[in-house]
Amino acid sequence: METRVKKTGLTHKLLMFVLMIYLLIPLLATFLYAFAKEWQTTVLPERWTVGWFSEMFQDIRFLDALWTSLYLCSISVALSLVIMLPAVFIITVYLPKWESFMKGIVVLPYAVPGVVAAVGLIRAYSSGPIEIAGTAYILIGAYFIVILPYMYQGIRNSLLTVSAVELLGSAELLGATRIKAFVSVILPNIWPGVMTSTLLSFSVLFGEFVLTNMLVGGHIQTIQVYLYQRVGESGHLASAIAISYFIFILVLSMILMKLGKRMNRGIEG
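Small disclaimer: the values here were computed from a predicted structure and weren't measured.

Asker: Please clarify how the domain arrangement of the protein chain should be interpreted in this entry.
Answerer: Interface size is commonly expressed as the accessible surface area that is lost when the partners come together. Examined at the domain level, the protein chain breaks down into domain 1 (1-49) and domain 2 (59-268). Taken over C-alpha atoms, the centre of domain 1 sits 30 Å from the centre of domain 2. Listed by partner, the interface residues are six residues for domain 1 and seven residues for domain 2. Here domain 1 meets domain 2 over a buried area of about 620 Å², counting both sides, of which 78% is carbon and sulfur. In this structure, the connection of domain 1 to domain 2 is made through zero salt bridges. Where domain 1 meets domain 2, there are two residue pairs in polar contact (both at pLDDT 80 or more). Here the side of domain 1 that touches domain 2 gets five residues from one element, more than from any other, and that element is helix 1 (residues 2-35).

Asker: Would you mind going over the environment of Ile223 with me for this structure?
Answerer: Tracing the sequence through the fold places Ile223 in helix 12 (residues 223-231). Sequence-wise, Ile223 and Thr49 are 174 residues apart; in three dimensions their C-alpha atoms are separated by 23 Å. Excluding anything up to four places from it in sequence, Ile223 contacts Phe62, Ala65, Leu66, Ser69, Phe206 and Ile241.

Asker: Sorry if this is basic, but what is going on with empty space enclosed by the protein here?
Answerer: In this approach, a probe sized like a water molecule rolls over the atoms, and the result shows the empty space that is left. Taken as a whole, this structure holds one cavity of 30 Å³ or more when the rule is applied. Taken together, Ser69, Leu72, Cys73, Tyr143, Leu205, Phe206, Glu208, Thr212, Thr222, Ile223 and Gln224 form the lining of the largest cavity. At the level of secondary structure, the elements contributing two or more residues to the lining of the largest cavity comprise helix 3 (60-93), helix 10 (178-206) and helix 12. For the lining of the largest cavity, the element with the most residues is helix 3, which contributes three residues. The class makeup of the residues in the lining of the largest cavity is six nonpolar, four polar and one charged.

Asker: Just to check I follow, could you spell out the pattern of salt bridges for this structure?
Answerer: Should the charged atoms of two oppositely charged side chains come close, the side chains can pair. Scanning all chains against the criterion turns up two salt bridges. With its nearest N and O atoms 3.1 Å apart, the salt bridge here joins Asp59 to Arg61. Owing to a relative accessible area of 37%, Arg61 belongs among the partly exposed residues under this scheme.

Cut-off values and rules
- Every chain begins its residue count from 1, and numbering advances along the sequence as written.
- At least 70 in pLDDT is required for a residue's local features to be given in this predicted model, at least 80 for side-chain atom pairs to be given and counted, and no such filter applies to totals for whole chains, interfaces and linings, which use all residues.
- Calculation of side-chain values draws on the structure's entire complement of heavy atoms; hydrogens and water are dropped beforehand.
- Delimitation of the domains relies on an automatic or database domain assignment.
- Any two residues whose heavy atoms approach within 4.5 Å are treated as being in contact.
- Buried area: the accessible area, evaluated with a 1.4 Å probe, that two parts lose upon being put together, summed over both parts.
- Salt bridge, as applied in this entry: a Lys or Arg side-chain nitrogen positioned within 4 Å of an Asp or Glu carboxyl oxygen.
- Contacts described as polar in this section are N or O atom pairs within 3.5 Å, which, within protein, must combine one atom able to donate a hydrogen with one able to accept it, while residues neighboring in sequence count only if both atoms come from side chains.
- Counting from the N terminus, the helices are the DSSP runs of H or I reaching at least four residues and the strands are the DSSP runs of E reaching at least two.
- A cavity, in this analysis, means grid points on a 1 Å lattice covering only the protein atoms where a 1.4 Å probe fits yet has no way out; a pocket is instead an open set bounded by protein on both sides within 12 Å along at least five of seven lines, and a residue lines either one if it has an atom within 4 Å of a point.
- Grid points are joined across faces, edges and corners, and a volume is the space filled by probe spheres set on the points.
- Gly counts as polar in this scheme, as do all residues outside two lists: the nonpolar Ala, Val, Leu, Ile, Met, Phe, Trp, Tyr, Cys and Pro, and the charged Asp, Glu, Lys and Arg.
- Exposure is judged per residue with a 1.4 Å probe applied to protein chains only, and the accessible area is read against the type maximum: over 50% gives exposed, under 20% gives buried, and values in between give partly exposed.

Structure below.
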């Protein structure tokens, strides 16, 4: 029995190792190409350079696109968090009969392709009382819909994991109001799950291209639109942009996770 468990554990580790190699090889190739000056007939680049990164950071369009993507994604995620956190809490704790209806609404973004959604939004908001086609407002609204499944499922799973109904009942039994019980008891316990949903949603939006390009590609330039435009100019430069994008997301995720843990400790203390 013990030998079988060890073999199973070894098999799982081997599969995880193979999967990591499979996922990291394209990233490694992109990383090497971003630093390559000459790379044609050899396994590794013949000459190395940081000139592609220097050219990228000297381009004001890259910095503008990075800032645009950052604040649009931040606004969309913050708006989704402010709306979805209390909404999912109320439905899960007080209105469980509405969960089936909510699940049906949440999965709709998976059923509608990005191209179809973009065309529908353009036709709906290019005229009439709400004429916001081509503006940041329509993009933020579209982003809100895109991350709806991630926010809903992450928050709901966190509430179910910590048994929010029982926790809330115990807090109210001890004299806490519903709002105080939510802020002081429920929120600290579900905060890691909320942070995970937030980071996942931000990463999804930061890499979104189809909706962005079709809705505001000619008016607002995000990092993905900028990358698409530069791919035809230089593969090396495009690789440098992709690696910078990956490192930026990685560092930002680490910072937010650290802040989340620190805030959680502060609440518990």
